[in-house]
Every structure is written in structure tokens, then in C-alpha cells.
Amino acid sequence: MGVRHELPSALTIYTAVATREALLAWVEAQDGRGAGKLELSAAQVEEVDGAGLQLIAALGNMERPWVLVQGSEVFSQACRTLGLARWLEQAGALA
Amino acid sequence: MNAHADADQEFLAQAMPAFISEAAEQIEAIETLLLELEEQPDNRELLDSLFRCAHTVKGSAGIFGLHRVVEFTHHVETLLDQMREGHIALSPHISTLLLHCNDQIKYLVDTAAQSDADSAQQSQERAALVEQLRALTEGRGTATHGTAAHGTAGSQTDTSTDSASGDAGPSGAEGLWRIAARFGPQTFRNGMDPLSVARYLAGLGQVLAVHCALDAVPPLEHLDAESCHLQFSMELQTRATREDIEGAFSFVLEDCEFDVVAPQSEQQKLTRAIEDMPATPRLGDMLVAVGALSQDKLQQALQTQQDSRAASAAQPPKIGDLLEAQAAVAPEVVAAALNKQQKLREGAPSEERYIRVQAERLDAVINLLGELVIAGAGATLLARQSRHESLLEANLQVNALIEEIRNGTLGLRMVPVGETFSRFRRVVRDTAASLGKEVNFEIIGGEAELDKSMVEKIADPLMHLVRNSLDHGLETPQERLAAGKNRAGHLSLIARHETGAILIRIEDDGRGINRERVLQRAWNRGLVEPGVVPSDDEINMLIFEPGFSTAEQVTNLSGRGVGMDVVRRNIEALRGSIVLNSVPGVGLQVDIRLPLTLAIIDGFLVGVGQSKFVLPLESVVEVIEAADSNVRADAYGRHVLELRGAVLPVVRLRSLYHVESELPERVSVVVVNSVRGSFGIEVEVLLGQHQTVIKPLGRLFKSLRGISGSSILGSGEVALILDVNALGELVTSEQKNAAGTSPVERREAVTS
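If you're wondering where the values come from, they're calculated on a predicted model, not measured in any experiment.

1. Remarks on the overall build of chain B
Link 1 in the chain: For chain B, the helix and strand inventory stands at 23 helices and 22 strands.
Link 2 in the chain: A total of 752 residues make up chain B; the buried ones form 45% of that total.
Link 3 in the chain: Excluding contacts between residues fewer than 6 apart, the proportion of contacts in chain B whose partners are at least 24 apart in sequence is 68%.

Printed below as a string of C-alpha cells:
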């Protein structure tokens, strides 16, 4: 079982560079552990924009299985708006 | 920005009168078409034309920000659209409703300039009409139709179009639009966000599907977090127009490639909109105008075309192909536009080009033309005297050109009488209905042309005569059936050209003039000595006497006793004549004859003694020189001429007008045609063809029969223009000429 990564409350262009760094570090750590699916949580996301969602898309394109286990209302709405509702399908409880 | 707005305001204020007069034309056309439609309810062309007229009014009103006009006309347009689609059929109720709506549109346009001019009554009536319109159209459940055809200014500023908010712009049809957008790398850096674009679009309607493709996003380790690789595609169900939808991208134009594809049914409507468009030669403009393409996309495509033209010598891509490829304009729509272009190139004569000209300017030109004709005649005279060959020739050429210009210019003022006649349809319809009479109204010969000023002056007298027929002449259906006639009465307005004049006839198959009653009235009024019974024709003409009316009660429409004499005076003021032909129980025929023009005619100049006379060339049949041997006095003292076996009466101008001079050695006879037949006019000198500028007669000469005007010759002399028809009446009348007394004198004695 890997460590779940909690996305920051601001998932926007302003934090994109830092968030990317954090994500990359986390992925590397998970690889080392030999974890299964990467578990991502967006429960604490209060602000999100295209740049933020793009980060997750890029994560998805890393050819590692991943799943969104939780998403805040703000986050879920944004996914639906941009056409990324498929990310939410596997999620557990959605607010 | 402010200077822009001010300049716009100024432009609008200046253009407003033009809008109002053009809208008035459309409104008139609508009424005519509606009345024609009643006769042919299934005529698709009429329905299309009706729709176009309403659409044009609405569009132009939109440009001027005239919200009330736009809103109201929009409802009418909706109904007309459904009618032309075949969803709603014309019924008498709908016909009357549309006529009332047209009246309301007229009221709104007329008061458009004053934003506060709207009485409570009008606005109530308007609301009632709208209710009725909506009951018809919304009962069908289909939403209203409106392409962004005329770029209505009303909706441009308000981008959050909620169609229920009732703003001035028309709402589009609910349609399924397909939108695809690919955002460029700099999007984030330029401060933009694909998510907010998607959000905005979602606010325009209902998103049925949206998909964000992530193939272009690099894996996280290679990703530059500040570069954008996002794209999405969306199916949007909305009433918004293309402009509204593309407005979502207005801030990301530099960074985003997007396609907005119209709904399928929309394309059919676009195709039809293209066909309905007035002449627009350029393909791109046409497509923008009907809303198949945004101006920006057109510019892009044109730029591409230009670039490729500059880049290579090979054939640049066609604009139609570019628009299909780059701007996602459906192939059918492009094909329709190309078709339309083709039709225009072939010069489809269906739409003529007109220019608006102020009437005063035209009159000024015609005046100058008159002066030119006289000056030309003067120059010719001098040229002749100089006996200079080439000068004479040059002069003849100048005169020929002047004549051509004359014909062309006078022709500018001619309008078909049919336009005026058509106005009567509505009056006849409403009047007949209010009187409980059924009337078939027919207009024949509407293409006959008449000088514009005369057409305007003849309209009122004609209207009065038409009302007279409806009121007094035509009987109610019951009366007609009892008389063995058809239920519906027949009323015709006929126009026809005759020699040098135009005939306008009002004919009905009603009860005709009741001569007994007219005579009785005339006796009572002292117009005719009691007991004296004049001829039938004379009795008929009695109705033109002032203060004469046999209607028992003065009806609302006519019979006030001021009508008929004013009618006759108006017609005589136009140098016209009016003749009645009535058969009791069968009908009445009113013949009005008017000269074709008031200004310049081709004349034939003749001389008697020192005086000069002009005959309208049109009426001259032949000239017999040195005819003195053939003119004889018959047993009654009338002069006649024997011509190829026929005997023609002859008018001797010399004795008619007491021209003093030495008796000539020989006389000539000009044979002319008149309404009453051919006759001869004896003259002394034949002076040939002459362009005659008509100047009106002074009051002193008005009582002189046989003269219709005067003219100034090149030499400065005054020539009198003979009224051939009046002379014809004189000469063919049964009354004997006592030797030495001319009919002219006798008439003066009677009327003085």
C-alpha cells in the first residue's frame, strides 16, 4: 500500500510548478516501494484551474496506474466542466 | 471608444429618415402581398416575400436599436416563417390578424423616432396582437427561428444571453452545436484558462457531452507546468447564436484554435437564408451575413488565400474550399452560396437596382431641361438664318441629343399607376366588409405609367370614386341576387394608354346612376329648370355640380356633397377630362383621361396669320398641303374635307380664334386623331416639328376651349397649344354653326 498524495488546496497555475515537483517526488517514492495504484486525493482542493488539471493529466500519462480516491466538490465540478468526468468514476465518496 | 460611439449616434440620426421611408415601403409591400395572398393562400412565393419583408424591417430596426419594432415584428416574422414552412395555413382570421399587425408595425415605425410616443391604447392593442400571434405559433411547440442575419446591435453588448431575459436581440433556434478547441502553449502565460472557457460555454445552454483529450499532454516528467496542452470538444444545446458562442473565445483568439459547427437543421436554414438574401456578390460576405461564418474566420481565410497567392504562382485555393476546411462551414451551405453567386452573375432580373432621388432635385433638372429645349430652338433659328452648313448640322445633332435627354428625364418621373391602385385593395376590402357587401376588386393595366406628381394628385379623386361605387353603386348581396346578378359585385380599376393620354376607368356592375332621382334633385335645387329634361349624358354629369348629393343620409364614406365637384376640379386641374357612362341596373363606367405629361411634348408647329399654334405630334395623322381646293362648306355651313372617300369635318383656326390677317393664297389641312374621331385643322403655314415646352395658360385663357397650354418658341414668340380632343368635341358636335358665329363664342355667352 502506497502513500496517498494529497493535492494542495490551490491547484492552479500559481502553484503548478511546485505541485509538479511534489508529485514527481511522490511518484518516485512510490516506485521505490513497489506500490500498486497511485492514489491521489483532491479532497482539500479549494481552487482549481486548467493548469492544475493538466498536472493530473500529465501524471496520468506517465503510464502508471492511478486512481482518484477522493475529490472536493470544487474539484469534481471542474473535472466535469472540462470533460474529465471519467477521473471521478472510480472515486469513492464524492461530496 | 467614446468618439466612436458619438460618430455612430450621428450616423444613426442621419440615416433614420432613410430607414423610415424604406421601412414604409416594406410595410406597404406587406399589405399588398397579404391581400394577394387572400386570393392565393398557397402561393409559396408570396409567403416567402412576406417573410422577407418582415425580416428586413426587423433587421434594419435592429441596427437602429428600435427595440419595440424589433420585438413586435419578431412575433410576426415567426408566424410568417411557420406559414411559409407549411405548418400553418392562411385563414380569414389570420389574414385579418396579419393586416392589423402590419398596421401596428407601421405605427411603431412612424413613431420610432420618438421614444416616448406610445399611447396606452396602442400598447394594449399591441399586447393583444402578440398574444394572438403566440397562440398560433407556440401552439406548435417549435421555437422561434432567427439567424444572426443582420447583426442586430441590440444583443451585441450582452454576452450572457439568457433568452428569457427579453432583450432586443432575437433568440436563436434551440440547436445542437459542436465545439472543438485546442489551446496553444502560451495560453496560461497569457493569463487565460481553458477551464473558464468551458465554463462560459456551459453557461450558454446545456452541455450534452464534453470530452477533454489528453493525448497532447506530455508525461509529468517532461511537462513544463506553465505550458498548455489542453483541448476539449463539446456538444452544446443552446439557443445562442454563433456570435455568442464564438464570443467565448474572444480572449484566447491568439492562443486557441477552435471550430464551432452549426446544428444540422441550422444548415438547412442557412441554405435557405442564402437564397433569400438580396444581391451580395462576395461569397464570404454572404456567408457572414446569414450567420454561417464569423467575420473573424472570414478574415483568417482571406488572409490564408492572400498568403498562398503571394507565396506561389500556382492557383491560390478558392475561398469556398478554404472556408469549408478552415472555418468548418458545411459543404451544403457553401454550395448554396456559390449557387446564389452564379444566379447573380447571370444577372437574374428579379431584383432591380434603385436609387433614391429627392423629388425637388428631379424637378429642378426637368426645369433646366425645358430651358435647354427653348435655348436649343433659339440656336437652331439663328443657325438656319446663318445658312452655315456645318453649324446647322452641329445644331441638329445637339437638338437630337436634347430630345433624347428629354425623353429619358421625363421618363424618370413616370411611375406605374398600379402602385397607387394597389393601395385601394385594402380600402375596398375593409369598406366592403363594413357595408356588408361582397366585392371582387380587379386591377387591370397597372403597368401603365404616369408622371409621379399626377399619380399623387389623382389618388384622392380615384379613391372618392371607388368609395362612391362601393357605397352607392354596388348593391348588397341580397339585392343583387334579387336582381338576378351574382352575389359578389365586380369593381375594376383599369388603366390604358391612348393617343397622347392615359385612360383610367372605374367600372362597377352595380345599379348605375338613378337618373330620375338626380333630375328631381336638380329641379329642386334649381340647377335645371323644372320640367326641362336634358339628355341622359347631361343628367349624369349633373352629379358633379357643387352641393349635389342624392344620398338620403350623408354616409360616413361619401355623399357629403363636397365630393364629386372636387373630383372634377382636381381632374381638370390636371388638364384631364371625366366622362360618365351609366346603364341603370347594369353598372357605371367612369372614364378619366389625363395627358401623359405636363412638361414637354413633341409638337407640330403651324401658323395662322401672325399667330403660331402647336399640335401634339402624336395626334397628327397626315398633312395635306395646299388643300384649299378640297375644303368645302356643306349644306349646314360646316367645313369638310373629302379624303380618300371619307368626309372629315374641318376646323378653321382662322375663324375659330378670329385671327386677323390677310387672307392667304392657299391653306393646308392637318388631319388629326382625337377621341371623337379624325378631323382636319385648317392652317396657313406649316412650320414642322418642334419640341414644345408646355407653360400653363394664364387664368384669362382658361375658358377658351381648344387651347391646353402655351409655349415659348426659340424666337421668343408665344405659341398656343391646341387641345385636340376638345377641338374634336367642338367640331363633331351636332349643333349647327350659324355662319360667322363660332362655337367658342357661343359657349362663352352661355357661361358668362
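2. Comments concerning the overall build of chain A
Link 1 in the chain: The helix and strand inventory of chain A stands at three helices and five strands.
Link 2 in the chain: Listing each helix as α and each strand as β along chain A from the N terminus yields β-β-α-β-β-α-β-α.
Link 3 in the chain: Across the 95 residues that make up chain A, the buried fraction comes to 51%.
Link 4 in the chain: Across chain A, every contact between residues at least 6 apart in sequence was considered, and the portion connecting residues at least 24 apart equals 70%.
Link 5 in the chain: Of the roughly 4300 Å² that chain A leaves accessible, carbon and sulfur atoms contribute 51%.

3. Remarks on the pattern of salt bridges
All names here are of chain B.
Link 1 in the chain: Applying the stated rule across the entire model yields 28 salt bridges over all chains.
Link 2 in the chain: For Arg-84, the salt bridge goes to Asp-81, with nearest N and O atoms at 3.0 Å. Of this pair, Arg-84 and Asp-81 are both found in helix α3 (residues 67–84), three residues apart, which corresponds to roughly one turn of the helix.
Link 3 in the chain: The buried category is assigned to Arg-84, whose relative accessible area is 6%.
Link 4 in the chain: Residues joined by salt bridges that share partners form a network here, namely Glu-31, Glu-38, Asp-103, Arg-426, Arg-429 and Asp-430.

4. So, the sheet that holds strand β3 (residues 231–238) of chain B
All names here are of chain B.
Link 1 in the chain: Judged by pairing direction, the sheet is antiparallel, and its four strands sit side by side in the order β2-β3-β1-β4 without closing on themselves. The open sheet has two edge strands, β2 (205–213) and β4 (256–261), and neither has a second partner. Pairs of neighbouring strands in the sheet enclose a mean axial angle of 15 degrees, with direction left out of account.

5. Considering the interface of chain A and chain B
Link 1 in the chain: Chain A puts 26 residues into the contact, and the matching count from chain B is 24 residues.
Link 2 in the chain: In total, chain A and chain B occlude about 2100 Å² of area from one another, counting both sides; carbon and sulfur atoms represent 68% of this.
Link 3 in the chain: When the buried surface of chain A facing chain B is broken down by residue, Gln-54, Thr-81 and Leu-82 of chain A rank first, second and third, together holding 30% of it.
Link 4 in the chain: Linking chain A with chain B are 11 residue pairs in polar contact (both at pLDDT 80 or more), by the criterion used here.
Link 5 in the chain: Put simply, the parts of the chain that give the side of chain A that touches chain B at least two residues each are α1 (16–33), α2 (50–60) and α3 (73–82) of chain A.
Link 6 in the chain: Here the side of chain A that touches chain B gets eight residues from one element, more than from any other, and that element is α2 of chain A.
Link 7 in the chain: Of the residues in the side of chain A that touches chain B, the class split is 17 nonpolar, five polar and four charged.

6. Digging into empty space enclosed by the protein
Residue and element names in this part refer to chain B.
Link 1 in the chain: One pass over the full model with this rule turns up four cavities of 30 Å³ or more.
Link 2 in the chain: Of the volumes computed, that of the second largest cavity is approximately 70 Å³.
Link 3 in the chain: Looking at the second largest cavity, the residues that line it are Ile-30, Leu-34, Leu-50, Ala-54, Val-76, Leu-80, Leu-98, Cys-101, Asn-102 and Ile-105.
Link 4 in the chain: Those elements that place two or more of their residues in the lining of the second largest cavity are α1 (2–39), α2 (44–63), α3 and α4 (92–110).
Link 5 in the chain: Looking at which element gives the most residues to the lining of the second largest cavity, the answer is α4, with four residues.
Link 6 in the chain: Here the residues of the lining of the second largest cavity sort into nine nonpolar, one polar and no charged.

7. Regarding the nonpolar core
Link 1 in the chain: Among the nonpolar cores identified, the biggest contains 59 residues, and Leu-53 and Phe-75 of chain A together with Leu-201, Phe-232 and Phe-249 of chain B are the most heavily contacted of them.
Link 2 in the chain: Examining the composition of this core, we find that seven residues originate from one element, α2 of chain A, more than from any other.
Link 3 in the chain: If you look at the next biggest cluster of nonpolar residues, it comprises 45 residues, including Met-454, Ile-506, Ile-513 and Ile-543 of chain B.

8. What about the packing of aromatic side chains?
All names here are of chain B.
Link 1 in the chain: Tallied over the entire structure, the rule returns five aromatic pairs over all chains.
Link 2 in the chain: Taken together, a centroid distance of 5.8 Å and an interplanar angle of 25 degrees make the contact between Phe-613 and Tyr-657 stacked. Here Phe-613, found in strand β13 (residues 611–616), pairs with Tyr-657, found in the loop between α21 (653–656) and β18 (668–674); they are 44 residues apart in sequence, far enough to count as distant.
Link 3 in the chain: Taking relative accessible area as the criterion, Tyr-657 reaches 15% and is therefore assigned buried.
Link 4 in the chain: The positively charged end of Arg-84 is found above the aromatic ring belonging to Phe-51, 3.7 Å away from the centroid.
Link 5 in the chain: Just above the ring of Phe-258 sits the side chain of Lys-297; from NZ or CZ to the centre is 4.4 Å.

9. Here's the deal with the sheet that holds β18 of chain B
Strands belonging to one sheet form pairs held by backbone hydrogen bonds; the direction of such a pair is parallel or antiparallel.
Residue and element names in this part refer to chain B.
Link 1 in the chain: With respect to topology, six strands assemble into an open sheet ordered β14-β18-β19-β17-β16-β15, the strand pairing being mixed. Looking at which strands have only one partner, the edges of the open sheet turn out to be β14 (620–624) and β15 (631–633). The sheet shows a mean angle of 35 degrees between the axes of neighbouring strands, direction not considered.

10. Description of helix α6 (residues 194–202) of chain B
Residues and elements named next belong to chain B.
Link 1 in the chain: For α6, the set of buried residues is Pro-194, Leu-195, Val-197, Ala-198 and Leu-201. All buried residues of α6 project into a common sector of 160 degrees when viewed along the axis, lining one side.
Link 2 in the chain: The distance from a side-chain oxygen at the start of α6 to the backbone nitrogen of Leu-195 is 3.1 Å, and the residue carrying that oxygen is Asp-193.

11. Brief notes about helix α11 (residues 319–326) of chain B
All names here are of chain B.
Link 1 in the chain: By the burial criterion, the buried members of α11 are Ile-319, Gly-320, Leu-322 and Leu-323. Seen along its axis, α11 keeps its buried residues to an arc of 165 degrees; they face one direction.
Link 2 in the chain: A positive backbone phi angle near 55 degrees is found at Ala-328, which sits one or two residues after α11.

12. Looking at the pairing of strand β19 (residues 677–683) of chain B
Side-chain positions along a regular strand alternate between the two faces of the sheet.
Residue and element names in this part refer to chain B.
Link 1 in the chain: Across the seven residues of β19, five count as buried, placing the element largely inside the fold.
Link 2 in the chain: Bridge count between strand β17 (residues 646–652) and β19: three bridges; the pairing is parallel. Looking across to β19, one finds that Val-650 is bridged to Gly-680.
Link 3 in the chain: In the sheet, β18 pairs with β19 via seven bridges, with the strands oriented antiparallel. Considered in β19, the bridge of Ser-674 is made with Gly-677.

13. Structural notes on the side chain of Ser-469 of chain B
Link 1 in the chain: Structurally, the position occupied by Ser-469 of chain B is in helix α16 (residues 452–473).
Link 2 in the chain: Apart from the residues within four sequence positions on either side, Ser-469 of chain B is in contact with Leu-474, Leu-491, Ile-506 and Asp-508 of chain B.

14. Focus: the pairing of strand β1 (residues 175–183) of chain B
Residue and element names in this part refer to chain B.
Link 1 in the chain: Side chains of β1 alternate between two faces, with Gly-175, Trp-177, Ile-179, Ala-181 and Phe-183 buried and Leu-176, Arg-178, Ala-180 and Arg-182 left unburied.
Link 2 in the chain: As judged from the eight bridges shared by β1 and β3, these two strands associate in the antiparallel manner. Bridged to Gly-175 within β3 is Thr-238.
Link 3 in the chain: The pairing of β1 with β4 spans six bridges and is classified as antiparallel. In the sheet register, Arg-182 faces β4, and the bridge partner there is Glu-257.

15. A short note on unusual backbone geometry
Link 1 in the chain: For Glu-63 of chain A, which is not glycine, the phi torsion reads 60 degrees and is therefore positive.
Link 2 in the chain: Residue Glu-63 of chain A is classed as exposed on the basis of its relative accessible area of 77%.
Link 3 in the chain: The phi angle at Arg-387 of chain B is positive, at roughly 55 degrees, despite the residue not being glycine.
Link 4 in the chain: Locating Arg-387 of chain B in the fold gives a position in the loop between α13 (359–386) and α14 (389–412).

16. With respect to the packing of α13 of chain B against α14 of chain B
Helices that pack against each other are described as a pair by the angle of their axes relative to one another and the distance between those axes.
Residues and elements named next belong to chain B.
Link 1 in the chain: At a closest axis distance of 10 Å, the pairing of α13 and α14 adopts a crossing angle of 160 degrees. As the angle between them shows, α13 and α14 are arranged roughly antiparallel. Where α13 crosses over α14, the handedness of that crossing is left-handed. Only Leu-391, Leu-392, Asn-395, Asn-399, Ile-402, Ile-405, Arg-406, Thr-409, Leu-410 and Leu-412 of α14 make contact with α13, whose side of the interface consists of Leu-362, Val-365, Ile-366, Leu-369, Leu-372, Val-373, Gly-376, Ala-379, Thr-380, Ala-383, Arg-384 and Ser-386.
Link 2 in the chain: When its residues are assigned to classes, the contact of α13 with α14 shows 14 nonpolar, six polar and two charged.

Rules used throughout
- Residues numbered from 1 in each chain as written.
- Chains lettered and ligands numbered in written order.
- Predicted model: local features only at pLDDT ≥ 70, side-chain atom pairs only at ≥ 80, totals over all residues.
- Heavy atoms only, no water.
- Helix = DSSP H or I, 4+ residues; strand = E, 2+ residues; numbered from the N terminus.
- Buried < 20%, exposed > 50% of the residue type's maximum accessible area, 1.4 Å probe, protein only.
- Contact = heavy atoms within 4.5 Å.
- Areas by Shrake-Rupley, 256 points an atom, 1.4 Å probe, with all protein chains shown as cover.
- Salt bridge = Lys/Arg side-chain N within 4 Å of Asp/Glu carboxyl O.
- Pairing = 2+ DSSP bridges.
- Axes fitted to C-alpha atoms, helices over the stretch in contact; angles between N-to-C directions.
- Buried area = accessible area lost by both parts, 1.4 Å probe.
- Polar contact = N/O pair within 3.5 Å; in protein donor to acceptor, adjacent residues only side chain to side chain.
- Nonpolar A, V, L, I, M, F, W, Y, C, P; charged D, E, K, R; others polar.
- 1 Å grid on protein atoms, 1.4 Å probe; cavity = no way out; pocket = protein on both sides within 12 Å on 5 of 7 lines; lining within 4 Å.
- Points joined across faces, edges and corners; volume = space filled by probe spheres on them.
- Core = buried A, V, L, I, M, F, W, Y, C linked by side-chain atoms within 4.5 Å.
- Phe/Tyr/Trp six-rings, centres within 6.5 Å; stacked < 30°, edge-to-face > 60°.
- Lys NZ or Arg CZ within 6 Å of the ring centre and 35° of its normal.
- Arc of directions from axis to C-beta.
- Parallel < 35°, antiparallel > 145°, perpendicular 65-115°, else oblique.
- Left-handed = near helix turned anticlockwise from the far one by under 90°.

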